[in-house]
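Chain by chain, the residues run as shown.
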Amino acid sequence: QLQLVESGGGLVQPGGSLRLSCVASGFTLDYYAIGWFRQAPGKEREGISCISSRGSSSQYADSVKGRFTISRDNAKNTVYLQMGSLKPEDTAVYYCAAVRNPFWSCAVVVETPYKHWGQGTQVTVSS
C-alpha cells in the first residue's frame, strides 16, 4: 500500500524552528511531486509549499515565504519542511501529499492533483 507518514511536529515557542519529515513506504518518491498543507481548527486546508520530483523547483505560499524551506532526499524516500521564525498562526495539523508526475513543476494552491496523503502531524506554536 502507498503510505506517507509525517513526523517532527510538536510544541515550539514563537520564533523557534521545527523540521517536519514525510517518509514514503510502499513506493519510491523519485517520480512524485510533494506538497505540504496545513489545517487549523475552523479553517480550510491551506497549501503552503511544494517541490517537484527531482527538487528542481519549489513554491511557497505567501504566508510562509522566507521562513519555510522544502527539500527532499529521494535516496531516503523523504521530503522535509524546515520551519523557522514560527508564529502562533502557524499552529495547525501539517500534511504531506504526493502525486506521480515527473514533469510537473508543482503547485501549492490546489489539492486536486495530489493523490496520496499522510495522516498529519500537529504543530503548536505557543509561549
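See above for the structure.
(A) Looking closely at the overall build of the chain. Counting its regular elements, the chain contains 0 helices and 11 strands. Each helix and strand of the chain, ordered N terminal to C terminal, gives the series β-β-β-β-β-β-β-β-β-β-β. For the C-alpha atoms alone, the extent of the chain along its principal axes is close to 40 × 25 × 25 Å. The proportion of buried residues among the 127 residues of the chain is 45%. In the chain, the proportion of contacts linking residues at least 24 apart, taken out of those at least 6 apart, comes to 62%. In the form shown here, the chain has an accessible surface area of approximately 6300 Å², with 48% of it arising from carbon and sulfur atoms.

(B) Structural view of the state of the cysteines. Counted according to the given criterion, the structure contains 2 disulfides. Between Cys22 and Cys96 runs a disulfide, and the two sulfur atoms are separated by 2.0 Å. Its S-S torsion of about 70° marks the bond between Cys22 and Cys96 as right-handed, since a negative value means left-handed. Residue Cys22 is located in strand β3 (residues 18-25), and its partner Cys96 is located in strand β9 (residues 92-100); the two are separated by 74 residues in the primary sequence. We classify Cys22 as buried; its relative accessible area is 0%. Between the sulfur atoms of Cys50 and its disulfide mate Cys106 the distance is 2.0 Å. The chirality of the disulfide connecting Cys50 with Cys106 is right-handed, given an S-S dihedral of about 70°. Of this pair, Cys50 sits in strand β5 (residues 46-51) while Cys106 sits in the loop between β9 and β10 (116-117), and the two are 56 residues apart along the sequence. Each member of the pair, Cys50 as well as Cys106, is classed as buried.

(C) The environment of Val110, seen in detail. Structurally, Val110 is set in the loop between β9 and β10. Given the relative accessible area of 36%, Val110 is considered partly exposed. Once the C-alpha coordinates of Val110 and Val12 are considered, the two residues, 98 residues apart in sequence, prove to be 28 Å apart.

(D) The arrangement of the side chain of Ser53 in detail. Structurally, Ser53 can be placed in the loop between β5 and β6 (58-60). Ser53 gets classed as buried once you look at its relative accessible area, which sits at 3%. Apart from residues lying up to four places away in sequence, Ser53 is in contact with Leu29, Asp30, Tyr31, Tyr32, Ala33, Arg72, Asn74, Asn101 and Pro102.

(E) Looking closely at the sheet that holds strand β7 (residues 68-73). The strand order across the open sheet built from 4 strands is β1-β3-β8-β7, with neighbouring strands paired in antiparallel fashion. Each edge of the open sheet carries a strand with a single partner, namely β1 (3-7) and β7. Averaged over all adjacent pairs, the angle separating strand axes in this sheet is 15°, with direction ignored. Summarising the sheet, β3 and strand β8 (residues 78-83) pair through 6 bridges and their orientation is antiparallel. Residue pairing across strands places Val23 opposite Thr78, the latter belonging to β8.

Procedures and definitions
Residues numbered from 1 in each chain as written. Predicted model: local features only at pLDDT ≥ 70, side-chain atom pairs only at ≥ 80, totals over all residues. Heavy atoms only, no water. Helix = DSSP H or I, 4+ residues; strand = E, 2+ residues; numbered from the N terminus. Buried < 20%, exposed > 50% of the residue type's maximum accessible area, 1.4 Å probe, protein only. Contact = heavy atoms within 4.5 Å. Areas by Shrake-Rupley, 256 points an atom, 1.4 Å probe, with all protein chains shown as cover. Disulfide = S-S within 2.5 Å. Pairing = 2+ DSSP bridges. Axes fitted to C-alpha atoms, helices over the stretch in contact; angles between N-to-C directions.

This is a description of form; function is not addressed.
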